[in-house]
Amino acid sequence: KWEYPADPPSDDDYEDLLVTQIKTETLGMRYGTDNGEIKIAANVLYDADFLPHWNEFAEALQEYQHAIRCLPADTSSSFSVWNVELPPAVLDLLSNALESTHFKILHLQDNSFGQAGIQFLLSYMQNNPELEAFYLSQNPFESVDDVNRLCSIIKEHP
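All figures in this text were calculated on a predicted structure; none of them were measured in a lab.

Colleague: So what about the overall build of the chain? Which residues, and what values?
Modeller: Secondary structure summary: the chain contains five helices and four strands in total. Listed by position from the N terminus, the elements making up the chain come as α-β-α-β-α-β-α-β-α. Relative to the compact-globule value of 15 Å for 158 residues, the chain shows a C-alpha radius of gyration of 15 Å, a close match. Per-residue burial over the chain gives 41% buried out of 158 residues. Across the chain, every contact between residues at least 6 apart in sequence was considered, and the portion connecting residues at least 24 apart equals 77%.

Rendered as structure tokens:
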């Protein structure tokens, strides 16, 4: 899909920034104009009006798996989401899209995603043999079991 049918941004500056970034990254992935670094950074809580934009982003992200394989070997592809709330609905979209799109670096910061986000992170790490580094900041673990699982995944990771 080579268009971006989601509604335009709102009149809130931070929401406008988020939607503009999502659209820019979506189009960059679709048209191959990016450099392997996908980054969304805004100081925004989730609003249901964002879901169509996250849908577009996730569809492009899923197709991006083909382009990411063609990047030069020395390119450190990365996926970063900073200071943007990621509720379960968005995490599900991202999880499905990232199932076969393997970045070398994953950076999640201050996403207010709770247990669902930790499960997303652990699953992605476990299923991504290309992952070389991950950064998790201001996204607390809620259980010792999750910390132990993270340690096991890191220990067993290729």
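So that's the structure; there's more coming.
Colleague: Kindly report on helix α5 (residues 144–156), identifying the contributing residues and their values.
Modeller: The terminal C-alpha atoms of α5 lie 18 Å apart, and with 13 residues this matches the ideal 18 Å at 1.5 Å per residue to within 8%. For α5, the full list of buried residues reads Asp146, Leu150 and Ile153. Taken down its axis, α5 places every buried residue within 65° of arc, on the same side. Along α5, the residues that are exposed and aim more than 90 degrees away from the buried face are Val144, Asp145, Lys155 and Glu156. In this fold, the buried residues of α5 make contact with α4 (114–127) and β4 (133–137).

Colleague: Give me the sheet that holds β4: which residues, what numbers.
Modeller: Ordered in space as β1-β2-β3-β4, the four strands form an open sheet in which the pairing is parallel. Pairing within the sheet leaves two strands with one partner each, and these edge strands are β1 (37–44) and β4. On average, adjacent strands in this sheet sit at an angle of 0° to one another, irrespective of strand direction. Pairing of β1 with strand β2 (residues 78–84), which is carried by six bridges, proceeds in the parallel orientation. Bridged to Val44 within β2 is Val84.

Colleague: Explain the pairing of β2 to me, and be specific about the residues and the numbers.
Modeller: Every regular strand shows the same layout, with side chains that alternate between the two sheet faces. Across the seven residues that make up β2, a large majority, five, are buried. Between β1 and its parallel partner β2, the chain crosses via helix α2 (residues 51–68), and the hand of that crossover is right-handed. As paired strands, β2 and strand β3 (residues 105–109) are joined by five bridges and run parallel to one another. Opposite Ser78, over in β3, you have Ile105 as the bridge partner. Since β2 and β3 lie parallel, the crossover through helix α3 (residues 88–98) that links them has a hand, and here it is right-handed.

The rules behind the values
- Residues numbered from 1 in each chain as written.
- Predicted model: local features only at pLDDT ≥ 70, side-chain atom pairs only at ≥ 80, totals over all residues.
- Heavy atoms only, no water.
- Helix = DSSP H or I, 4+ residues; strand = E, 2+ residues; numbered from the N terminus.
- Rg over C-alpha atoms; globule rule 2.2 N^0.38 Å.
- Buried < 20%, exposed > 50% of the residue type's maximum accessible area, 1.4 Å probe, protein only.
- Contact = heavy atoms within 4.5 Å.
- Expected span 1.5 Å × (residues − 1).
- Arc of directions from axis to C-beta.
- Pairing = 2+ DSSP bridges.
- Axes fitted to C-alpha atoms, helices over the stretch in contact; angles between N-to-C directions.
- Right-handed = clockwise from strand over helix to strand, strands pointing away.

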